[in-house]
Amino acid sequence: MSFSWSLGLWAAVPVIPILSLQLNENIALAGLVVSIGGAGRFLVSYTTGPLLDRFGRRGIGSVGIFIRMVFSFLEGVSPTYLSLLAFRFGSGIGTSIWGTAHQTITADVSTPEDRGRISGRKQGWAQFGAIVGPVVGGAAWAITGDIRIPFFINGFSKMVCLFVMIFMMVETRQLSARPASASAPATAPTQARATARSSMPRSTGYLNRFFFRVGYTAVRMGNVPSVLVSMAATGFLYVLVGTFAVNLMRATVQDLVLPVYVEEVLGLAESQLGVVIAAMGVGGLLASLAGGWATDRWGVQTALVPGALAATAGLVLTAQGPGLVGMVLLAAALGAAAALVMVGTHAFSIDVSPPGARGRFFGRTQAAGHFATFVGPFAIGGIADLFGLGAAFYVIGGIFLFMAPIGVLMGVVGPQVRARLAAEAGLPGSSPLRPGPPSP
């Protein structure tokens, strides 16, 4: 499902802002077409989580896929700018339901020893679809001369996902249920956190604790409300920031700025646009597998920090107007960087998600990503209109530079929160930095 969903999505994504510009020549309004799907996703994200916990992942996820399938076909026949805007909003509703179910299922089937590799493999299949999709969509557009064909490819890809979800997927809700006899002594969380800290490599532990204390002190000295301190201590705040950044990269760079930049500024052809977008998928595929392995072996910060720094550098260099070869190489680097941040964030979110309420947890964290897809493209499109597309790359790069210290903080908070959750559920705590051998 990750592959099929991504193939159709990336067949259509590069042409969405271009179709919008054909219907209404304004980059900011094209950004609104991209971002309006985020409004639909944000609207239902909070309600989707409780439904997943109550009724199960498979049924609710199937509803989301069906909604997305219908609106994907409708996007392809939209005659006006306003109709395209409305259909994109409906597509966002289906995407939100599916995305929350997909992330919750991933958390259900993951263990502390393999959650990075599972997230990396899932993301790797999605990146493989991101490689094939733009090439297929660009070729279909070039052969037929019809910019709407990629939307129909997207609709059929969702039909495949719906078939798999209904007839092949099993229900995973029972895997996340807490044991009924989950009673731990009052001192168990403290002991579990101490165990997690002691199992870290000494140099990594000192570095992470230093950055954590600096960040925590800065929050307290700034008189930030205590609710933010609590959110930071549980890791929830960092999941929100990471999810926001990952979705901002996709919604603004991949969905809006890069396609317009490649066609209007660099002057590349439709088929070459497909090659550039596919290069992001190639970089993302390789980085997803490597990042998942590194996350399980050394911690989420080993994927998040290099990914954030590489994204910043790649965005700054992209703004310099490279040629086709340079743009392809930079696209691959940007895809790899985004994949590293995404894998690290997903693994961290699994670490800190409460086992008995994962649907609610991921519904709320996904809302941060949907908010990014809602406000990001319109805001970045406005910056591009006022100051040029290069300025848009600089702004997004600055946001990813901020993600580097956040990644360090995730590296120290994750083991502590997971150990506490395990202790509260009556399960043995473990550190993701040095996983033990798998159980027989």
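Everything below is about the structure printed above this text.
Since the model is a prediction, treat every value here as computed from it, not as a measurement.

## Focus on the nonpolar core
Okay, step 1: Residues Tyr238, Met249, Leu258, Phe348 and Phe393 are the most contacted members of the largest nonpolar core, which totals 80 residues.
Okay, step 2: When residues of this core are assigned to their parent elements, the largest contribution, 15 residues, is made by helix H16 (residues 389-424).
Okay, step 3: Those residues in contact with Phe393 that sit more than four places away from it in its chain are Val253, Val257, Leu258, Tyr261, Leu315, Thr318 and Ala319.
Okay, step 4: Core analysis: the next-biggest nonpolar cluster, separate from the first, contains nine residues, Met69, Ile105, Leu162 and Met169 among them.

## Things to note about the pattern of salt bridges
Okay, step 1: Overall, the coordinates contain nine salt bridges when judged by the stated rule.
Okay, step 2: Between Asp108 and Arg358 there is a salt bridge; the shortest N-O distance is 3.7 Å. Highlighted residues: Asp108 in helix H5 (residues 81-109) and Arg358 in helix H15 (residues 358-387), separated in sequence by 250 residues. You'll find Asp108 and Arg358 in the same group, each marked buried.
Okay, step 3: One salt bridge in this structure joins Asp351 and Arg115, with 2.8 Å as the shortest N-O distance. Remark: Arg115 occurs in helix H6 (residues 115-144) and Asp351 occurs in helix H14 (residues 324-352); sequence separation between them is 236 residues. Like Arg115, Asp351 is buried.
Okay, step 4: Look at the salt bridges and you will find they share partners, linking Asp53, Arg57, Asp108, Arg358 and Arg360 into a network.

## Focus on the packing of aromatic side chains
Okay, step 1: According to the stated counting rule, one finds 13 aromatic pairs in the structure shown.
Okay, step 2: Relative to Phe393, the ring of Tyr261 has its centre 5.0 Å away and its plane inclined at 80 degrees; by these criteria the two rings are edge-to-face. Residue Tyr261 is found in helix H11 (residues 236-265), and its partner Phe393 is found in helix H16; the two are separated by 132 residues along the sequence.
Okay, step 3: For Tyr261, a relative accessible area of 4% gives the class buried.
Okay, step 4: Phe393 sits in the buried class, given a relative accessible area of 0%.
Okay, step 5: Members of the aromatic cluster, joined through ring pairs, are Phe3, Trp125 and Phe128.

## Re the environment of Gly242
Okay, step 1: Along the chain, the position of Gly242 falls in helix H11.
Okay, step 2: Look past the residues within four positions of Gly242 in its chain and what remains in contact with it is Thr345, Met403 and Met410.

## Comments concerning the environment of Ala279
Okay, step 1: Relative to the helices and strands, Ala279 resides in helix H12 (residues 270-298).
Okay, step 2: Linking Ala279 and Leu334, residues 55 residues apart in sequence, is a C-alpha distance of 9.1 Å.
Okay, step 3: Setting aside residues up to four positions removed in sequence, Ala279 forms contacts with Val328, Ala331 and Ala332.

The rules behind each value
- Residues numbered from 1 in each chain as written.
- Predicted model: local features only at pLDDT ≥ 70, side-chain atom pairs only at ≥ 80, totals over all residues.
- Heavy atoms only, no water.
- Core = buried A, V, L, I, M, F, W, Y, C linked by side-chain atoms within 4.5 Å.
- Buried < 20%, exposed > 50% of the residue type's maximum accessible area, 1.4 Å probe, protein only.
- Helix = DSSP H or I, 4+ residues; strand = E, 2+ residues; numbered from the N terminus.
- Contact = heavy atoms within 4.5 Å.
- Salt bridge = Lys/Arg side-chain N within 4 Å of Asp/Glu carboxyl O.
- Phe/Tyr/Trp six-rings, centres within 6.5 Å; stacked < 30°, edge-to-face > 60°.

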